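Summary of structural features
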Amino acid sequence: MNFRYLFLLLISCLSFAQNNNFPGDKVNEIVNRIQLPVIPSYQINIAKLGAKGDSLTNNKAIFDKAMALCKKNKGGTIIVPKGIYKINGPIHFVSNVNLKLEKGARIKFSDNPDDYLPMVLTSWEGTMVYNYSPLIYAYDCENIAITGEGTLDGEGGKTWKSFKAKENEGKNLSRDMNHNKVPLADRKLGKGYFLRPQMIQFFKCKNILVENIRIEDSPFWCLHLLQSQSITVRGISYKSLNHNNDGIDPEYAKDVLIENVTFDNGDDNVAIKAGRDDEGRANAATPSENIVIRNCNFKGLHGVVIGSEMSAGVQNVFVENCKTGGYLKRGIYLKTNADRGGFIKNIFVRNIQLGEVEDCIYITANYHGEGKGHQSQIENISFSNITCNKASAAGIVIQGFPDKKIKNISLNNIEIKWAKNAISSENAENVLMNEVVIGERATVPSAAK
């Protein structure tokens, strides 16, 4: 017997057991480091530029003019008053601008794909490509905000929705480009490939605020935080039920606060990503990290997801004080496969109230049973104070590989009132359970008759 190995394993287990409490100090450090955007005092009301909130007039040129005036004045606030403002095409941000939608204001984007050409550099499911412009797009900007009590309407339920059935050729081509390391300049998709654009994408941006607005009917992902940092998303709400309508997707993102958000989405509420396969692994120096999610109401496909596109790695994620506002398929879902590589580590989840789900907690290194040669490292995951009324499939699932086990999972004070299957744990090492009850709580043993 290798006593040195056993000693080192014991020390590792003790260290994890002592450090799996929710690290509030680390959360405070992240939140205090995040900078809100600083916006100059210049303001322009789009109505004064001639915009018409009649739901019919195309106001694209007015919004472009407002953004140009802000650029000329080194930034400012674009005020959108009450009304329905149709825009046939995207809004492209410049630095130091706040797009403020007043109460009763609605920006209604067209659903004509040609309006979102020429193509821009973007990312589609973890692969960099040139594609249709996101409806709101910011590239290499700082100090930018979307605020107010108005609504962004992506008109995603008609023309864009029809793209879903036609996307396979473009999707598969983008993944081949990823795996074959095709130069970015040659990754031109767009028209004829049917890859839907994101509603909002901040790409290589910093000091971002999205506050209090409502997002409806997105064509694809709703809010994509790509290669960006110092981000605050708070007080926003959703009703976006189309295919792939993730609520918030941080990808290669750093220092992110998501709080007081009311989700109602057709897909994941928060999906933390970090690139796909070869391209993601080539960006291993820029994992998604230091992400705080708190005081949110979940409703949609899954509550908080990490993966499956996470090849650059995801670490230091803190989820607390959240609950469901409706049905979820899975509460907390960590997923990767043997094509991804990378890592998922230092994930802390506490004080979560779930109603009816299919699976309460699900951790898998074998998503869809796909891939080979690039198994992911999953370790140091802590769950505490989780309640769930019903899990129609499984309470807790952990799935590693025999030669790449999931390590250091802490389950503390977990109560799942009913589950078809309680726990399934395969190829996992150092799973610590304390005060875990699935089904009826056991009492004292009955006496022999």
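Residues numbered from 1 in each chain as written. Predicted model: local features only at pLDDT ≥ 70, side-chain atom pairs only at ≥ 80, totals over all residues. Heavy atoms only, no water.

In the annotation of an unreviewed UniProt entry, the protein chain is listed under the name Glycoside hydrolase family 28 protein and assigned to Flavobacterium hydrocarbonoxydans.

This part covers the overall build of the protein chain. In terms of helices and strands, the protein chain carries six helices and 31 strands. For the protein chain, the spread of C-alpha atoms along the principal axes amounts to about 85 × 45 × 40 Å. Expressed as a percentage of the 449 residues in the protein chain, the buried residues total 55%. Considering only residue pairs separated by 6 or more positions, the protein chain has 76% of its internal contacts joining residues 24 or more positions apart. Total accessible area on the protein chain stands at roughly 18,700 Å², and carbon and sulfur atoms take up 47% of it. (Helix = DSSP H or I, 4+ residues; strand = E, 2+ residues; numbered from the N terminus. Buried < 20%, exposed > 50% of the residue type's maximum accessible area, 1.4 Å probe, protein only. Contact = heavy atoms within 4.5 Å. Areas by Shrake-Rupley, 256 points an atom, 1.4 Å probe, with all protein chains shown as cover.)

Attention now moves to the pattern of salt bridges. By the definition in use, this model includes 27 salt bridges. In this structure, Asp 153 engages Arg 106 in a salt bridge whose closest nitrogen and oxygen atoms are separated by 3.1 Å. On the criterion of sequence distance, the pair formed by Asp 153 in strand β12 (residues 151-153) and Arg 106 in strand β7 (residues 105-109) is long-range, its members being 47 residues apart. Salt-bridge contacts for Lys 181 lead to Asp 278; the nearest nitrogen and oxygen are separated by 3.4 Å. With Lys 181 in the loop between α5 (168-179) and β13 (200-203) and Asp 278 in helix α6 (residues 277-282), this pair connects stretches of sequence that are 97 residues apart. (Salt bridge = Lys/Arg side-chain N within 4 Å of Asp/Glu carboxyl O.)

Attention now goes to the sheet that holds β7. The parallel open sheet is built from six strands, whose spatial order is β2-β4-β7-β12-β15-β18. On the outer flanks of this sheet lie β2 (54-58) and β18 (237-239), each paired with one strand and no other. Pairwise comparison of adjacent strand axes, ignoring direction, gives a mean angle of 20° for this sheet. (Pairing = 2+ DSSP bridges. Axes fitted to C-alpha atoms, helices over the stretch in contact; angles between N-to-C directions.)

Taken across its five residues, strand β6 (residues 97-101) has four buried, putting it largely inside the fold. Where strand β3 (residues 76-80) lies against β6, five bridges are found, and the strand directions are parallel. Each bridged residue has a counterpart across the sheet, and for Val 80 the counterpart in β6 is Leu 101.

Glancing now at the packing of aromatic side chains. One pass over the full model with this rule turns up 15 aromatic pairs. Taking 5.4 Å as the distance between ring centres and 10° as the angle between the ring planes, the aromatic pair formed by Tyr 238 and Phe 263 counts as stacked. Note that Tyr 238 is positioned in strand β18 and Phe 263 in the loop between β20 (254-259) and β21 (270-272), a separation of 25 residues in sequence. Residue Tyr 238 is classed as buried on the basis of its relative accessible area, which comes to 2%. Every member of this aromatic cluster is reached through a ring pair, and the members are Tyr 116, Tyr 132, Trp 160, Phe 163 and Phe 194. Sitting over the face of the ring of Tyr 362, Arg 330 holds its NZ or CZ atom 4.8 Å from the ring centroid. (Phe/Tyr/Trp six-rings, centres within 6.5 Å; stacked < 30°, edge-to-face > 60°. Lys NZ or Arg CZ within 6 Å of the ring centre and 35° of its normal.)

Here the focus is the UniProt feature "domain: Rhamnogalacturonase A/B/Epimerase-like pectate lyase" (unreviewed entry) in the protein chain. Using the residue numbers shown here, the UniProt feature "domain: Rhamnogalacturonase A/B/Epimerase-like pectate lyase" (unreviewed entry) corresponds to residues 44-99. As annotated, residues 44-99 comprises 23% helix and 39% strand, and the C-alpha atoms at either end are separated by 10 Å. (UniProt positions renumbered as here; feature names shortened; annotations may be inferred.)

Here helix α3 (residues 60-72) spans 19 Å end to end across 13 residues, near enough to the 18 Å set by a 1.5 Å rise per residue. Among the residues of α3, those classed as buried are Lys 60, Ile 62, Phe 63, Ala 66, Met 67 and Cys 70. Following α3 by one or two positions, Lys 74 adopts a phi angle in the positive range, close to 65°. (Expected span 1.5 Å × (residues − 1).)

The next point concerns the environment of Asp 217. The residue Asp 217 is located in the loop between β15 (214-216) and β16 (223-226) in this model. For Asp 217, a relative accessible area of 22% puts it in the partly exposed group. For the pair formed by Asp 217 and Met 199, sequence separation is 18 residues and the distance between their alpha carbons is 8.9 Å. A polar contact of 2.7 Å, which involves the side chain of Asp 217, links it to the side chain of Asn 242. (Polar contact = N/O pair within 3.5 Å; in protein donor to acceptor, adjacent residues only side chain to side chain.)

Bringing the domain arrangement of the protein chain into the picture now. For the protein chain, the domain assignment lists domain 1 (37-245) and domain 2 (264-440). A straight line from the C-alpha centre of domain 1 to that of domain 2 covers 29 Å. Between domain 1 and domain 2, the residue contacts involve 18 residues of the former and 12 residues of the latter. Summing both partners gives a buried area of about 1,200 Å² for domain 1 against domain 2, and 40% of it is carried by carbon and sulfur. Inspection of the domain 1/domain 2 interface yields two salt bridges. Those elements giving two or more residues to the side of domain 1 that touches domain 2 turn out to be β9 (127-131), α5 and β18. For the side of domain 1 that touches domain 2, the leading source of residues is α5, giving three residues. Per-class residue counts for the side of domain 1 that touches domain 2 are five nonpolar, eight polar and five charged. (Domains from an automatic or database assignment. Buried area = accessible area lost by both parts, 1.4 Å probe. Nonpolar A, V, L, I, M, F, W, Y, C, P; charged D, E, K, R; others polar.)

Time to look at unusual backbone geometry. Residue Pro 118 follows Leu 117 across a cis peptide bond; omega there is 5°. Here Pro 118 lies in the loop between β7 and β8 (120-124). A cis amide bond links Gly 307 with the next residue in sequence, Ser 308, at an omega value of 0°. With respect to the helices, strands and loops of the structure, Ser 308 is situated in the loop between β24 (302-306) and β25 (314-324). Residue Asn 295 is not a glycine yet carries a positive backbone phi of 55°. Within the secondary structure, Asn 295 is located in the loop between β22 (288-294) and β23 (297-298). At Glu 435, a position not held by glycine, the phi torsion is positive, near 55°. Position of Glu 435 among the secondary structure elements: in strand β31 (residues 428-438).

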